[in-house]
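Examining the three-dimensional arrangement
Chain by chain, the residues:
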Amino acid sequence: PKKLYILGDKQILNNTSIAIVGSRDCDSYGTSQTRRFASYLAQKGITIISGMAYGIDSRAHDTAIKNGGGTIAVLGGGVDICYPRTNMPIYQEMCDEQLVISEYEPGTAHISQHFPLRNRIISGLSDGVLLVEAALRSGTLITADYALEQGKSIYGIPGRPTDVMSRG
């Protein structure tokens, strides 16, 4: 991107990092695996990067914070707008002590066309990408495609063969 807008502690960008991405409509298995891996990585000093969406993203950020780790949210709208609103507690914590990033000017609404583009920043900032759950057509796989183009390592958590969220 031509510009990045940030709120929070930009020193976090210097840390080793892993993006954790997955379904917005995650199940208990995806939630438990996200918490398991995000907890372990955060305790090892690895920063967690995600998109603060419902589901896997917000669970990854929240788990990193609760385990004393660093976390970076890349938004699909202005850094001054919490989206989704249900993530306000995570957003406030991240603006104060973590990092929130966007290529969109403050005041820009979070719209669906922005989300696939923001995924290139999620993978671009990370040292690798961990896929937790993904449908066949998903933002998770868009992030994986960007990561491949950028030469990043991609990791996947095995899912249940019959689960729709494991098909991706």
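All values reported here derive from a predicted model rather than from experimental measurement. (Residues numbered from 1 in each chain as written. Predicted model: local features only at pLDDT ≥ 70, side-chain atom pairs only at ≥ 80, totals over all residues. Heavy atoms only, no water.)

At their nearest, the axes of helix H1 (residues 28–43) and helix H2 (residues 56–66) sit 8 Å apart, and the two run at 35° to each other. Remark: the crossing between H1 and H2 carries right-handed chirality. Contact residues: Gly30, Thr31, Thr34, Arg35, Ala38, Ser39 and Ala42 in H1; Ile56, Arg59, Ala60, Thr63 and Ala64 in H2. In the contact of H1 with H2, the residues fall into five nonpolar, five polar and two charged. (Axes fitted to C-alpha atoms, helices over the stretch in contact; angles between N-to-C directions. Helix = DSSP H or I, 4+ residues; strand = E, 2+ residues; numbered from the N terminus. Left-handed = near helix turned anticlockwise from the far one by under 90°. Contact = heavy atoms within 4.5 Å. Nonpolar A, V, L, I, M, F, W, Y, C, P; charged D, E, K, R; others polar.)

The next subject is the packing of aromatic side chains. Summed over the entire model, instances satisfying the criterion amount to one aromatic pair. Over the face of the ring belonging to Phe115 we find Arg24, whose NZ or CZ atom lies 5.1 Å from the ring centre. (Phe/Tyr/Trp six-rings, centres within 6.5 Å; stacked < 30°, edge-to-face > 60°. Lys NZ or Arg CZ within 6 Å of the ring centre and 35° of its normal.)

Here we come to the layout of surface pockets. The calculated volume of the largest pocket comes to roughly 290 Å³. Taken together, 20 residues make up the lining of the largest pocket; nearest its centre are Gly22, Arg24, Ser138, Gly139 and Thr140. Elements with a contribution of two residues or more to the lining of the largest pocket: helix H4 (114–125) and helix H5 (139–149). Residue contributions to the lining of the largest pocket peak at five residues, all from H4. (1 Å grid on protein atoms, 1.4 Å probe; cavity = no way out; pocket = protein on both sides within 12 Å on 5 of 7 lines; lining within 4 Å. Points joined across faces, edges and corners; volume = space filled by probe spheres on them.)

The next point concerns the environment of Glu97. Summarising the element assignment, Glu97 is placed in helix H3 (residues 88–97). Put simply, Glu97 and Val74 are 23 residues apart on the chain and 15 Å apart in space, counted from C-alpha to C-alpha.

Tallying each qualifying case throughout the model produces one cavity of 30 Å³ or more. Estimates place the volume of the largest cavity at around 30 Å³. Here the lining of the largest cavity is composed, by residue class, of six nonpolar, three polar and two charged.

The analysis is restricted to geometry; functional conclusions fall outside its scope.
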